Amino acid sequence: MRTDARVVVIGGGVVGASVLYHLTRAGWKDVLLIERGELTCGSTWHAAGGMHTVNGDPNVAKLQQYTINLYKELERTTGQSCGMHLTGGIMLAGTRERLDWLKMTKARGRYLGMELELVSVDEAARLFPLMNKRHFVGGLFDPIEGHVDPWGVTQAYAKAAQAAGAEVTRHTRVVDLKARADGSWDVITEAGNVRAEHVVNAAGLWARDVGRMVGLELPVLAMEHQYLITEDLAALKGQKEQIHCIDFEGEIYTRQERGGMLLGTYERAGVPWSPLATPWDFAQSLLPNDLERIAPSLEVAFEHFPALGEVGIKKVVNGPFTFAPDGNPLVGPIRGLRNFWVACGVMAGFSQGGGVGLALSRWMVDGDPGADVWAMDVARYGDWATLAYTNTKVRENYSRRFRIRFPNEELPAARPLRTTPVYERLQAAHAVFGDYCGLEHPLWFAHTAAEAHEDITFHRSNAHAHVFEECHAVHEAAGLIEISNYGKFEVSGAGTEQWLSHVMANRVPKVGRIALTPMLNERGKLIGDFTMCRVGAERVFLICTWAAESYYRRWFERHPPPAGVTVRPCAMEYLGLSVAGPNARALLQCLTRTDLSSAAFPFLSFRAMDVGMIPALVGRISFTGELGYEIWVTSEYQRALYDLLTTAGRAHGLRLFGGRALNTMRIEKSFGNWAREFRPIYGPHEAGLGRFVDFGKGDFIGRAAALEEKESGGALRLVTFSVDAADADAVGDEPIWHEGRVVGWVTSGAYGHRVQRSLALGYIPAALAAATEGFEIEIIGERRRARLESQPLLDPSGSRMRA
Ligand SMILES: Cc1cc2nc3c(=O)[nH]c(=O)nc-3n(C[C@H](O)[C@H](O)[C@H](O)COP(=O)(O)OP(=O)(O)OC[C@H]3O[C@@H](n4cnc5c(N)ncnc54)[C@H](O)[C@@H]3O)c2cc1C
C-alpha cells in the first residue's frame, strides 16, 4: 500500500466507491480507497438494489435522478455490468389521502422534469397484475425505477476510478486517525500508515466508529431490515419482468427476482442493530431472520398481492443499514476538523450514492458542492443530536418510511428535549408546540387544553380559526410570540466591523442600528440571511436561522476573523420574546424608562435597555410587518419578562401568537425565510434581497458574482401570488404554471388572514416577472388561478412597521 495520497476514502461500499470515482472525475487522481474486507462487505452486498427518483426534498430528488442516469455511462466506460433492470415502478394508494399525496408528488415532479403518471386502479392492475384491485384507489407510475446489482455497481465505480489513477486497497482496516498540525492526516491502518491531505469517512455501518477516531459522534444508527424472495410464481412464467411496486398501506415494496418476487417491509416496530458500536468482525454477514416481526406486514402483502401467498419462501435476508434521524444522508466537511469529510447515513445507496459522490467531490475539489445539498448537509445536526436522540428518531423515521408526512404534522419522538423557561407558561396557555432542532416552540394557541391538538391534513386544519384570531390581534392590538428559536452570534473585539464587512454583503450598521444582510458564497449565491444588530463600536449581535447555526460556524471557520475578534454562538444564552401590533409601543413604554417614541427609537433601532428590572437588548423590528419589538434577555430573565409583558399587556389587548401566524404574516409582507426562499441556488437579486447588498462598501465574499448577477438581472425572480384556493393552501414545492407550461415552483404558502387571501411565494423566470395574469398553482392535483402581485399584499409602503 502507498504511504501518501491526496485523499484517503475509508470504506469500499457503494458510497465510498462512488466518492472515489467522482474525485477522479473532478480531476483528483491521487486518491486511495481503503477497505477492511472485500468491497461491498458492509451493508451494500445484501441490498435489494432498488432505485427510484422520488424524494421529499426536490434537491435530493435531482441527485437521485443523476445517480440512476449514471449507471449506463459507468457500464459503457468500464464494461462492468451494473445489472440494470429499469422496469419502471408504481406507487399504490389505498386511501384518498394517499392519492392526494401521489397527486402532490406528481406535481412536484413536474418542475424536476420527472414523467410521473397518475393512473386509475384498473390501469395500475394492468401494469402490475399481481395486485388485488379491491384494496387500492389508484397509483402513480414512474418509468425511472428499477433495480441494480449492488456488487456490479460498486465494482463499476471502483473500476472506473482505478482506470483514472485511483488505488483500492482491500483487507486493510483503518484503526486510527491522527490530525497533523498542517491540516493533513495520518491514517493508521493494520498495514502501515498513510499520510493524506484529506480523509473521507464513507465507512457505512462503521461510520460512527470511524467518527469516534476523531472525537465525533455522528448521528447515525443501523436498523435491521428484512426482505424475502418467494419461490417461482407460475403467473410470471414467460411474462415481461414485473415493474416495482410500493404498497403504502401494507408498508411493503416488491419486485421480481428471477422467477419469484422479492418483498421487503419497513415494520412499525423496527429493531436497531448494534446501537452503541459496530463490531469489527461483522463482514459479508447477515442477521438471524425474524419473520414473526414482519408477520403483520406479510399478512397484508398476501391479501393485497394474493399470488405471493400461494408460493413458498425461498430465502429471507435480514441485514443492517444506517439512517440519520431524518432519513437523509450526512455529507460534507466537519466543523472543527480540517480536511475531514463524511459521506454516510446513506439509506438508499443505489438511488443516492452517485449524487452523494458528485456533491462531495465537487465540495472537496472546488470548495462548493455545486448544488443545493442543504437537506443532506451534515451541518444540519448539532451537538443536541446525541446517541440516544438519534436512536429514538431513527426508529421513528424507519417506522414511518412509507407513511404520509402531512405538511402540518409534528412528529412525537424525542420530545420534549429542549425547552425554554417559559415552556410551562405557554403550555398553560394551551400552546400547540412544534419541534425545531429539538426545541419546543409554540405553533398556535387553543382556547382550552382539550382543543390543543392539531388535526393532520393537506387541507386547512382546526388551527385555521385560531391563527385567524392571532393574526387579527396582532393587526388590531398587540401580540406576543416567543422567538427563542433563532440562531445567535455575538461578534466582538477590535476588527469586528472589518470582518463582518468581509463576510456579509451589507454594510455593518452604525452603533444602535440594525441592518439586514445576505451572506454570499464566492459564487454570489445566498448561504445565509442575518440581522446585524450593532450594540457597540466593537460588538455586534447577529440573529439568524437556528437550524443553520453549525453550517454558519463552519463557514466562519473557513473565513476566520482576525486575531482579536471573537465569534461566539449564543443561541440558547439569549432567549427572546417579541411584541408586535399597533399597541406594542404603548405596552413596552409602560415598562421602560427609555424613550420609545419613533423619533427617539425609530424603526431598525437596537439598544440595551431595562424592561422592568430586566436588562435586555431591544430591537425595533418585527417579522409580522407591524410595529414591533424583539426583546432578548439572558435565559434566567425570560420568565420574569414574560410575566411582566403578559400582565401589562392585558390593558393593551395583548394575545399570544405562534409560529403559524408569524408565517402567514411574513408571507403577506413577501418576507423570505432561510431554507425556503433563501437557498444556495439563488442569488440575492433573484431573491429580492438586492437592496441589502452594498457594492459601495468595498470588497466582500461573493461581490464580483453578485455584481454580475445584478447587471444581468439574474435568471429567476422571487414573486408573490394570491391564489384562488379552495380549502387547501400551497405549502411549498408546488409547480407554478404559466399559460399551460410549468415555469417555476412555490417556496412557501399560507392563508393570509389580514388580507383574506390564499398566498404563495415562489420562483419564476425573471422574464415573466412583469406578467400578472396567466398563472396557475397546482394544489393537490388541481390547477388554481394565481395572480402575480407586484408588491406585498399588506402595507406595501411599510408604514405600519415604521409607525
Ligand atoms: C436488507 C437491505 C436491503 C436494502 N435494500 C436497498 C435497496 O433496495 N435500495 C437501496 O438503495 N438501498 C438498499 N439498502 C441500503 C444500502 O445497502 C445502503 O444504502 C448502502 O449499502 C450504503 O452503502 P455504504 O457504502 O454507505 O455503506 P457500507 O456498505 O456499509 O460500506 C462501508 C464500508 O466501509 C468499510 N469500512 C468500515 N470501517 C472501515 C475501516 N475502519 N477501515 C476500512 N474499511 C472500513 C466496510 O467494511 C464497508 O465495506 C438495503 C440495505 C439492506 C440491509
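Below, the structure is looked at part by part. No experiment lies behind these values; they were computed from the predicted model shown. (Residues numbered from 1 in each chain as written. Predicted model: local features only at pLDDT ≥ 70, side-chain atom pairs only at ≥ 80, totals over all residues. Heavy atoms only, no water.)

## A look at the nonpolar core
Within the largest apolar cluster, 90 residues are counted, with the highest numbers of intra-cluster contacts made by Leu177, Val187, Phe340 and Tyr552. Setting aside chain neighbours within four positions, we find Phe340 in contact with Leu177, Trp185, Val199, Asn201, Val214, Leu216, Gly332, Pro333 and Ile334. The next biggest cluster of nonpolar side chains, apart from the first, holds 43 residues, and it includes Ala17, Val148, Ala166 and Ala202. (Core = buried A, V, L, I, M, F, W, Y, C linked by side-chain atoms within 4.5 Å. Buried < 20%, exposed > 50% of the residue type's maximum accessible area, 1.4 Å probe, protein only. Contact = heavy atoms within 4.5 Å.)

## Quick word on the packing of helix H12 (residues 463-476) against helix H17 (residues 659-668)
At a minimum axis distance of 9 Å, the contact between H12 and H17 shows a crossing angle of 65 degrees. Remark: the crossing between H12 and H17 carries right-handed chirality. Contact with H12, carried on its side by Ala463, Val467, Glu470, Cys471 and Val474, involves Arg660, Ala661, Thr664 and Met665 of H17 and no other residues of that element. Here the contact of H12 with H17 is composed, by residue class, of 6 nonpolar, 1 polar and 2 charged. (Axes fitted to C-alpha atoms, helices over the stretch in contact; angles between N-to-C directions. Helix = DSSP H or I, 4+ residues; strand = E, 2+ residues; numbered from the N terminus. Left-handed = near helix turned anticlockwise from the far one by under 90°. Nonpolar A, V, L, I, M, F, W, Y, C, P; charged D, E, K, R; others polar.)

## Points about helix H9 (residues 349-366)
The α-helix advances 3.6 residues per turn, and as a result positions three or four apart in sequence lie on the same side. The end-to-end C-alpha distance of H9, which contains 18 residues, comes to 24 Å, matching closely the 26 Å that a straight helix rising 1.5 Å per residue would cover. Among the 18 residues of H9, 15 are classified as buried, and the element is accordingly described as predominantly covered. Positive backbone phi, approximately 85 degrees, marks Gly367, located one or two places after H9. (Expected span 1.5 Å × (residues − 1).)

## Notes on the layout of surface pockets
The space that makes up the second largest pocket amounts to roughly 670 Å³. Forming the walls of the second largest pocket are 31 residues, and the residues nearest its centre are Pro333, Trp363, Gly367, Arg554 and Arg558. Among the secondary structure elements, those contributing two or more residues to the lining of the second largest pocket are strand E19 (340-344) and helix H14 (549-558). The biggest single contributor to the lining of the second largest pocket is H14, with 5 residues. Of the residues belonging to the lining of the second largest pocket, the class tally is 15 nonpolar, 5 polar and 11 charged. (1 Å grid on protein atoms, 1.4 Å probe; cavity = no way out; pocket = protein on both sides within 12 Å on 5 of 7 lines; lining within 4 Å. Points joined across faces, edges and corners; volume = space filled by probe spheres on them.)

## Looking at the pairing of strand E15 (residues 260-265)
The element E15 is largely enclosed, with a buried count of 6 among its 6 residues. In this structure, strand E12 (residues 221-230) lies alongside E15, joined through 4 bridges in antiparallel fashion. Considered in E15, the bridge of Tyr227 is made with Gly264. Relative to E15, strand E14 (residues 252-257) runs antiparallel, the two being bridged by 6 bridges. (Pairing = 2+ DSSP bridges.)

## Points about the site of the ligand
Around the ligand, a shell composed of 39 residues is seen, among which Glu35, Arg36, Thr44, Gly50 and Val346 lie nearest. Within the backbone of Val14, a nitrogen or oxygen atom sits 3.3 Å from an oxygen atom of the ligand. The contact in question runs from an oxygen atom of the ligand to an N or O atom on the backbone of Phe350, over 2.9 Å. The protein chains hide 97% of the 990 Å² of surface that the ligand would expose on its own. Within the residue set of the shell around the ligand, elements represented by two or more residues are helix H1 (14-25), E12, strand E17 (313-323) and H9. Residue classes in the shell around the ligand are distributed as 21 nonpolar, 15 polar and 3 charged. (Near = heavy atom within 4 Å. Polar contact = N/O pair within 3.5 Å; in protein donor to acceptor, adjacent residues only side chain to side chain. Areas by Shrake-Rupley, 256 points an atom, 1.4 Å probe, with all protein chains shown as cover.)

## Describing the pairing of strand E36 (residues 757-765)
Counting buried positions along E36 yields 7 of 9 residues, so the element is predominantly enclosed. Both strand E35 (residues 741-752) and E36 contribute to a ladder of 7 bridges, which runs antiparallel. Counterpart to Tyr751 in the pairing with E36 is Ser758. Linking two consecutive strands that pair antiparallel, namely E35 and E36, is a turn of 4 residues; a positive phi of about 55 degrees is found at Gln756 within it.

## Examining the environment of His475
Secondary-structure assignment places His475 in helix H12. Classification of His475 as buried rests on a relative accessible area of 17%. In sequence terms His475 and Glu626 are 151 residues apart; their C-alpha atoms lie 6.9 Å from each other. Not counting the four nearest positions on each side in its chain, His475 is found in contact with Pro582, Glu626, Arg754, Leu794 and Arg800.

## So, the packing of aromatic side chains
The description of an aromatic ring pair rests on the distance of the ring centres and on the angle between the ring planes. For the coordinates displayed, the defined rule picks out 36 aromatic pairs. Consider the rings of Phe323 and Tyr398, whose centres lie 5.6 Å apart with planes at 85 degrees: the pair is edge-to-face. On the criterion of sequence distance, the pair formed by Phe323 in strand E17 and Tyr398 in helix H10 (residues 387-399) is long-range, its members being 75 residues apart. For the pair Phe323 and Tyr398, one class covers both residues: buried. Ring-pair connections join several aromatic residues into one group, and the members of that group are Trp101, Phe248, Tyr253, Tyr266, Phe321, Phe323, Tyr398 and Phe402. If you follow Arg173 out to its NZ or CZ, it ends over the ring of Trp280, 4.4 Å from the centre. Across the ring face of Tyr266, the terminal group of Arg401 is positioned such that the distance to the ring centre comes to 5.2 Å. (Phe/Tyr/Trp six-rings, centres within 6.5 Å; stacked < 30°, edge-to-face > 60°. Lys NZ or Arg CZ within 6 Å of the ring centre and 35° of its normal.)

## Here's the deal with unusual backbone geometry
Cis geometry is found at the peptide bond from Arg415 to Pro416, where omega equals -10 degrees. Considering the arrangement of structural elements, one finds Pro416 in the loop between H10 and helix H11 (423-428). Residues other than glycine seldom take positive phi values, yet Arg258 does so here, at roughly 50 degrees. Its place among the elements puts Arg258 in the loop between E14 and E15. The backbone of Ala675 sits at a positive phi, close to 75 degrees, despite the residue not being glycine. Residue placement: Ala675 occurs in the loop between H17 and helix H18 (703-712). By relative accessible area, Ala675 is classed as partly exposed at 25%.

## Brief notes about the environment of Leu216
Position of Leu216 relative to the elements: it lies in the loop between helix H6 (207-212) and E12. In this structure, the C-alpha to C-alpha distance between Leu216 and Arg717, residues 501 residues apart in sequence, is 40 Å. Setting aside anything within four residues of it in sequence, one finds Leu216 in contact with Arg208, Gly211, Ile334 and Phe340.

## As for the environment of Asp727
Looking at the secondary structure, you find Asp727 in the loop between strand E33 (716-723) and strand E34 (735-738). When the C-alpha atoms of Asp727 and Ser461 are compared, they prove to be 9.2 Å apart, with 266 residues separating the residues in sequence. Polar contacts involving the side chain of Asp727 include one to the side chain of His459, which spans 3.0 Å.

## Regarding empty space enclosed by the protein
Evaluation of the coordinates by the stated rule reveals 4 cavities of 30 Å³ or more. Taken as a whole, the second largest cavity holds about 80 Å³ of empty space. If you trace the second largest cavity, you find 14 residues lining it, with Met104, Glu734, Glu778, Ile779 and Ile780 closest to the centre. The biggest single contributor to the lining of the second largest cavity is helix H3 (residues 96-110), with 4 residues. Considering only residue class, the lining of the second largest cavity consists of 7 nonpolar, 1 polar and 6 charged.

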